[in-house]
Amino acid sequence: MDPKILKHYIILHDNQDGPPDKASKILQDMKSTFGSNDCQLLCINSSQDRAVEIEDDPWSSWGLDSSPAKHLGGFLSTEDIDEMKVLMNDLTTKHIIPHMEQKIRVLNQQVSATRKGFRNQIKNLWWRKGKDDTPDTPDGPAYTFSSIESQIRILGDYAFMLRDYDLALSNYRLISTDYKLDKAWKRYAGVQEMMALTYFMLDQSRKDAEYCMETAFSTYIKLGLRGQQNAIRCGLWWAEMLKAREEYKEAAGVYFRVSGEEPLVSAVMLEQASYCYLFSVPLMLRKYGFHLILSGDSYKKCDQTKHAIRTYKAALYVFKGTSWGLIRDHIHFQLGKWFAFLGMFDVAIEHMLEILACTHQSKAAQELFLGDFLELVQKTGKTFEVCRLRLPVVRLPSLRVVFEDHRTYASPAAVSVKESLWRSLEEEIIPSLSAAKTNWLEMHTKLVSKEYKESNMCVAGEAIKVDIGFRNPLQIPISVSNVSLVCMHFVKTEEMQSSMWKAYTFNIVNLFSPFLFLLIADLSHLLILADEISSSTNLQNDEHLRKLIAGGEVDADNCPFMLSEVDFSLSGGETLVVQLTVTPKVEGMLKLVGVRWKLSGSVVGFQTFDSGQVKKRNARRAKPKQSHGNELKFLSLPRLEGSINYLPKRSYLGELHRLVLELKNQSEFPVKNLKMKISHPRFLILGSPEALDSEFPACLRKENSEKHGDAACCDERPSFFEFPEDLVIQGKEPVLWPLWFRAALPGSISLHITIYYEVGDVSVVMRYRTLRMSYNFENGRKSTISEEDVISNVGSRGSDVRLDAQVDNEDLFDVSRSPVADFHHYERLQEGTSDQSHSGTVDFILISHPRKSGPSTEFTDHSRLFSHHACHCSVASGGPLYWLMDGPRTIYHDFFSSFCEINMSLRIHNSLDAPISVRVNTGDSSPSTSHSGHPSGVASENQTGWHDISLSNEIKVTSDPLGITRSVRQLPANSVGPYVWCGSSSTKVQLAPLSTVEVPVQLSVFTPGTYDISNYQLHWELLQSESEARDADSRPSSGTYPGQSFYLTVLQST
């Protein structure tokens, strides 16, 4: 330290402690000791009663905290403040600055005499060269205050303080070389640091300033712990220099270098670096957020949790709404843990909720997040209600409300059927619709009162079903329990009718709202769907709604509605559609607010419904009528329940089944005047009640039909079926009615049934209701039956023909009565023919039993019955030939080993009383015509499918003598199809009168498929002498017939 440092003594006296006499005495003693020019007295707090108010805060310009609560300077008078200003002005101008100027002149003369000039520089360099071999000590050589190196450094510092930067820079350069040669690295770094600041103040060379600062910082870093604080100071100066030049990006890099390994220093420097990225051009937001996260981690390491939360919250605004999901999840997860550490559990849970549905995270991370969240909730000891909890995800687009008014549904399958289809079925059986037809909207207006326009009706006491989908977005399984609807019930009063209900009705037409309302009408407990204009914010503040969500509202006995609850588990990525129900018990208004659930038994989540996203299944806008009585009696409407028993899982083409229609009415009020209409009577018709008295198929035999006295079916049949007028369904006893089902076509068949019934004097609004039923059937192409299996009878315009000699007369079936005659009627309608007779035509009904399946097929399965119908078949023929292709229908073969050879036979019958000669010509198939009209056939990789095979293949075909029924196929001669005929291409045989011959034929099939084996021709010619030919009549003596269709299926064996 400079022994001749400037000294000035000030006596500070507080006038509140006593009069200034004692201070003046002390001042005189000090002047006698230290000199009169170096001693001074300063009195403060001269105001006695704080009467003088200071408008300007004297410490405000220095950034000190002078809040009104502290009352700083309250006893300072104006004279005190003026005296302090005069004292500091005199101290600066009369003592400090003159002393520094004098010191600079003295030191400058000494340095100029000893170190400046060429001679002194050479001398100093020569003298210091001899010190190269000296050992390198940590702090370098010791310099005394009186040494020339110390004097040069003092000279440079004084010049810098007095803003003589050129003089300061020349001295810093001079001493820098000495420190470097003496290996005084710490002093060398300090001089380099001051040189950089001097360059910066001169605003000359930015390169030299940065170079000096880089040298100083690097030298401090090399010194290790001894230079750490100096390095931090140097880095801060460096960063401030760069920020002053608006080089924020470079300043951020300096802060990052200064951060080091000490947590608190690193946290502060990284935070400052993030702010530099925020002010840089262009804006670097992601680096700003990234360095804030690094700063927050460093703050947490040194237990500065609040600072860590502050930096993380600032970083959250950067990554919110971006694709950087992993960083965002990390921020929410850490904030959740830190807020929980501070005891702020509500805020902690809010952040943890943001990462529950993190689909982009790994399975281990998802397990960690969910486990910590549930553990945090358990620590709070209470249940949290979370709006729009994202685990599981509620699929609002799949939300669907299903309710019933006059239209009721027997199964979910019936609900999914289009309304237009049901309306077309009900046009004839509903009196109002049949009278109005297409003008049903006008009819609707007349039937419904004006109060309930733009509303939908359903009946109280019947469940309102809500189908809603839940999806697990995670890879881990989750448990969801207590899933139920959130509803609110209001009693309908006159005030509600006059004010609130009118507002709801208006809002339905013009606005969208997030909630659904159900209003129960007076007379019949009818529910009317409407909307309310409200906001989700008001919903959150509704205390009553919060009680509903919590589930602790009222007990089940006093609740005006019943709710169903569902528990389920979802595996990773699974989606499940859950059906929830609410059943109102009393009249009023029911509000469907949303759905609630409990996640892992800890967190209650709920989701509000948006009416714009709800699919309302019931689209009819019907309203109840006004009540005209003063006293109202609330009664329940009856509801008919129906089902079909003994449904077959799978049927084959032509198979008959007896089903049972079961109808129930659980209400105490009866239903009557039932009507029923079926969408496809070709497949399903109603029978008579007597059909249930005996077993199937014995009830269809002639003897049983005659005993029951069933009348033959008339030619004209109504489009719908009316139940007997005296039939009344009431109570728990069901009504059973037989139904007849026949697989008229192969494939999947959908049958829709609607039952109309009228309600008693229960409601003046809803006089009738309908029950809608829908079923799907799967019909196979054919059963495994052959000619020997046909043991019943064939009906031909009312006559019976037995095909098997072993059949008894008791096994004959009555084809002139229902259901066979009814099914035959609809088959004729399907083919475009009526029941009127045509000359030369005949209808065939083939009734058959199949063989029993198993190793032995010698016995017939009498429990199954098949009926096949061929309508309007021509019998007018004078041709001599009848033929039938005989052979297997389906074959399995391994085409990888070889092609398939199939042996078949052609049975030809001569119906003339004269011998004839027949020549069978076979032709190969072509690629475009061999697959039975199906371009692709049935490939080996797709061996299933239905093919429209005519019934004429199952019976003997009558020939046409003129050969004009079908034309011969022209096959390309140079093409090879998927199969060819083997052996001779022409075979000639002679047939005696009224005889039959069997011609063997063989095919070679090269690829799997279904083929129409009809590419052959039969040429016949009478064998007669010349005299017989002259005596013969004008009948043809020769002709040509094309082959008839025979479908053969060849499949690849497995």
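Small disclaimer: the values here were computed from a predicted structure and weren't measured.

Visitor: Could you give an account of the overall build of the protein, with specific residues and numbers?
Guide: Helix and strand counts for the protein come out as 25 helices and 41 strands. In the protein, buried positions account for 46% of the 1054 residues. Taking all contacts inside the protein whose residues are at least 6 apart in sequence as the whole, residues at least 24 apart take part in 75%.

Visitor: Just give me the short version of the pairing of strand E17 (residues 640-645), but keep the residues and values in it.
Guide: Where burial is concerned, the two faces of E17 differ: the one with Leu 640, Gly 642 and Ile 644 is buried and the one with Glu 641, Ser 643 and Asn 645 is not. Here E17 runs beside strand E19 (residues 655-665); their pairing, made up of six bridges, is antiparallel. Among the inter-strand pairings, Leu 640 is bridged to a residue of E19, identified as Asn 665.

Visitor: Describe in detail the sheet that holds strand E33 (residues 916-922), supporting the description with residues and values.
Guide: What the four strands build is an open sheet, ordered E36-E33-E39-E40; its pairing is antiparallel. Since the sheet does not close on itself, it has two edges, and those belong to strand E36 (986-991) and strand E40 (1038-1042), each with one partner. Averaged over all neighbouring strand pairs, the angle between strand axes comes to 20°, with direction disregarded. The pairing of strand E39 (residues 1016-1022) with E40 spans five bridges and is classified as antiparallel. Paired with Gln 1017 across the two strands is Pro 1042, which belongs to E40.

Visitor: Can you lay out a nonpolar patch on the surface for me, pointing to particular residues and giving the numbers?
Guide: On the surface, Phe 341, Leu 342 and Met 344 cluster together into a nonpolar patch covering about 300 Å² of accessible area. With respect to the helices, strands and loops of the structure, Leu 342 is situated in the loop between helix H13 (325-341) and helix H14 (345-353). Note on Leu 342: relative accessible area 36%, which makes it partly exposed.

Visitor: Lay out the packing of helix H11 (residues 285-301) against helix H12 (residues 305-319) with the relevant residues and their values.
Guide: It is at 8 Å that the axes of H11 and H12 come closest, and there the two elements cross at 160°. In terms of axis orientation, H11 runs roughly antiparallel to H12. Between H11 and H12 lies a crossing whose hand is left-handed. Seen from H11, the contacting residues are Leu 285, Arg 286, Tyr 288, Gly 289, Phe 290, Leu 292, Ile 293, Ser 295, Gly 296, Asp 297, Tyr 299 and Lys 300; seen from H12, they are Thr 305, His 307, Ala 308, Arg 310, Thr 311, Tyr 312, Ala 314, Ala 315, Val 318 and Phe 319. Each residue belonging to the contact of H11 with H12 can be placed in one class, and the counts come to twelve nonpolar, six polar and four charged.

Visitor: Quick rundown of the packing of helix H6 (residues 185-202) against helix H8 (residues 228-244)? Include the residues and the values.
Guide: Two quantities define a packed helix pair, namely the angle between the helix axes and the distance between the axes. Put simply, H6 and H8 touch, their axes get as near as 11 Å, and they point 15° apart. Comparing their axes, H8 and H6 come out roughly parallel. Classified by chirality, the crossing of H8 by H6 is left-handed. Together, Lys 186, Glu 193, Ala 196, Leu 197 and Phe 200 of H6 and Asn 230, Arg 233, Cys 234, Trp 237, Met 241 and Ala 244 of H8 make up the contact between the two elements. Considered class by class, the residues forming the contact of H6 with H8 number seven nonpolar, one polar and three charged.

Visitor: Tell me what's going on with the nonpolar core, and back it up with residues and numbers.
Guide: Nonpolar side chains in soluble globular proteins tend to be buried together. Ranked by size, the top nonpolar core spans 120 residues in total, and within it Ile 331, Phe 373 and Phe 470 carry the most contacts. Filtering out sequence-adjacent residues up to four positions away, Phe 373 remains in contact with Ile 349, Met 352, Leu 353, Leu 356 and Val 603. Cys 900, Leu 912, Val 918 and Tyr 1011 belong to the second largest nonpolar core, which has 33 residues in total.

Visitor: If you had to explain H6 to someone new, which residues and values would you point to?
Guide: The terminal C-alpha atoms of H6 lie 25 Å apart, and with 18 residues this matches the ideal 26 Å at 1.5 Å per residue to within 8%. In terms of burial, H6 is a largely internal element, 13 of the 18 residues being buried.

Visitor: Quick one: what's the story with the pattern of salt bridges, residue by residue and with numbers?
Guide: A complete count under the given rule lists 21 salt bridges for this structure. Asp 157 is the salt-bridge partner of Arg 153, the closest N and O atoms lying 3.1 Å from each other. Here Asp 157 and Arg 153 lie together in helix H4 (residues 148-161), a separation of four residues that amounts to about one turn. Residues Glu 419 and Arg 772 are paired through a salt bridge, measuring 3.0 Å at the closest nitrogen-oxygen approach. One end of the pair, Glu 419, is in helix H17 (residues 419-426); the other, Arg 772, is in strand E25 (residues 768-780), with 353 residues separating them in the sequence. Residue class for Glu 419 comes out buried when judged on its relative accessible area of 18%. With a relative accessible area of 0%, Arg 772 lands in the buried category. Put simply, Arg 407, Glu 419, Arg 423, Glu 426 and Arg 772 are held in one network by salt bridges that share partners.

Visitor: Describe in detail the environment of Ser 571, supporting the description with residues and values.
Guide: Within the secondary structure, Ser 571 sits in the loop between strand E12 (566-570) and strand E13 (575-584). We classify Ser 571 as partly exposed; its relative accessible area is 36%. Once the C-alpha coordinates of Ser 571 and Pro 473 are considered, the two residues, 98 residues apart in sequence, prove to be 9.5 Å apart. The contacts of Ser 571, once residues within four sequence positions are left out, are Asn 472, Ile 476 and Pro 477.

Visitor: Before we move on, could you go through H14 and cite the residues and values that matter?
Guide: Burial in H14 covers these residues: Ala 348, Ile 349, His 351, Met 352 and Leu 353. As for H14, its buried residues are in contact with H12, H13, helix H15 (363-380) and strand E3 (384-387).

Visitor: Describe the packing of aromatic side chains, listing the residues and the values that go with them.
Guide: A full pass over the atoms with the stated rule returns 23 aromatic pairs. Taking the centre distance of 5.8 Å and the plane angle of 35° together, the rings of Tyr 248 and Phe 279 count as tilted. Highlighted residues: Tyr 248 in helix H9 (residues 248-259) and Phe 279 in helix H10 (residues 263-279), separated in sequence by 31 residues. Exposure remark for Tyr 248: the relative accessible area of 21% places this residue in the partly exposed category. The aromatic ring of Phe 341 is capped on one face by Lys 300, whose charged end is 5.5 Å from the ring centroid.

Visitor: Provide a residue-level description of the sheet that holds strand E31 (residues 890-893), including the pertinent values.
Guide: Pairing within the open sheet is mixed, and its three strands lie in the order E31-E41-E38. Among the strands making up the open sheet, the edge pair consists of E31 and strand E38 (1009-1012). Averaged over all neighbouring strand pairs, the angle between strand axes comes to 20°, with direction disregarded. In this sheet, strand E41 (residues 1047-1052) lies alongside E31 in parallel orientation, the contact comprising four bridges. Paired with Thr 890 across the two strands is Thr 1049, which belongs to E41.

Visitor: Residues and numbers for the side chain of Asn 171, please.
Guide: Its location among the elements puts Asn 171 in helix H5 (residues 165-181). Residue class for Asn 171 comes out buried when judged on its relative accessible area of 0%. Sequence-distant contacts of Asn 171, that is, excluding residues within four places in its chain, are made with Val 111, Ile 152, Leu 155 and Gly 156.

Visitor: How would you summarise the side chain of Ser 484 if you had to cite specific residues and measurements?
Guide: Looking at the secondary structure, you find Ser 484 in strand E8 (residues 478-490). For Ser 484, a relative accessible area of 4% corresponds to the buried category. Those residues in contact with Ser 484 that sit more than four places away from it in its chain are Ser 564, Glu 565, Leu 580, Val 595 and Arg 596.

Visitor: Pulling in residues and values, what's your account of the environment of Pro 638?
Guide: Considering the arrangement of structural elements, one finds Pro 638 in the loop between strand E16 (615-616) and E17. When the C-alpha atoms of Pro 638 and Tyr 768 are compared, they prove to be 9.9 Å apart, with 130 residues separating the residues in sequence. If sequence neighbours within four positions are ignored, Pro 638 has contacts with Asn 665, Ser 667, Phe 669, Pro 670, Val 671, Tyr 757, Val 759 and Arg 769.

Visitor: I'd like to hear about unusual backbone geometry, residue by residue, with values.
Guide: Cis geometry is found at the peptide bond from Val 281 to Pro 282, where omega equals 0°. With an omega of 5°, the peptide bond between Phe 696 and Pro 697 qualifies as cis. Tracing the backbone through its elements, the reader meets Pro 697 in the loop between strand E21 (684-686) and helix H23 (702-708). Even without a glycine there, the phi angle at Ser 600 is positive, about 55°. The topology assignment puts Ser 600 in the loop between strand E14 (588-599) and strand E15 (603-608). Its relative accessible area of 32% is what places Ser 600 among the partly exposed residues.

Visitor: Explain the confidence of the model for the protein residue by residue, including any values.
Guide: Caution applies to low-pLDDT parts of the model: their predicted coordinates are not meant to be read in detail. Mean pLDDT over the protein works out to 76, with 71% of the residues at or above the 70 mark. When the criterion is pLDDT under 50, residues 433-454 qualifies, and its contacts beyond four places in sequence or with other chains add up to 44 contacts. Contacts of residues 783-797 to residues separated by more than four positions or lying in other chains number 54 contacts, the stretch itself having pLDDT below 50.

Visitor: Report on the environment of Gln 102, specifying residues and quantitative values.
Guide: Tracing the backbone through its elements, the reader meets Gln 102 in helix H2 (residues 78-114). The exposure class of Gln 102 is partly exposed, given its relative accessible area of 41%.

Reading the values: the criteria
- Residues numbered from 1 in each chain as written.
- Predicted model: local features only at pLDDT ≥ 70, side-chain atom pairs only at ≥ 80, totals over all residues.
- Heavy atoms only, no water.
- Helix = DSSP H or I, 4+ residues; strand = E, 2+ residues; numbered from the N terminus.
- Buried < 20%, exposed > 50% of the residue type's maximum accessible area, 1.4 Å probe, protein only.
- Contact = heavy atoms within 4.5 Å.
- Pairing = 2+ DSSP bridges.
- Axes fitted to C-alpha atoms, helices over the stretch in contact; angles between N-to-C directions.
- Patch = residues over 30% accessible without salt bridge, like charges linked within 9 Å, V, L, I, M, F, W, Y side chains within 5 Å.
- Areas by Shrake-Rupley, 256 points an atom, 1.4 Å probe, with all protein chains shown as cover.
- Salt bridge = Lys/Arg side-chain N within 4 Å of Asp/Glu carboxyl O.
- Parallel < 35°, antiparallel > 145°, perpendicular 65-115°, else oblique.
- Left-handed = near helix turned anticlockwise from the far one by under 90°.
- Nonpolar A, V, L, I, M, F, W, Y, C, P; charged D, E, K, R; others polar.
- Core = buried A, V, L, I, M, F, W, Y, C linked by side-chain atoms within 4.5 Å.
- Expected span 1.5 Å × (residues − 1).
- Phe/Tyr/Trp six-rings, centres within 6.5 Å; stacked < 30°, edge-to-face > 60°.
- Lys NZ or Arg CZ within 6 Å of the ring centre and 35° of its normal.
- pLDDT = per-residue confidence, 0-100.

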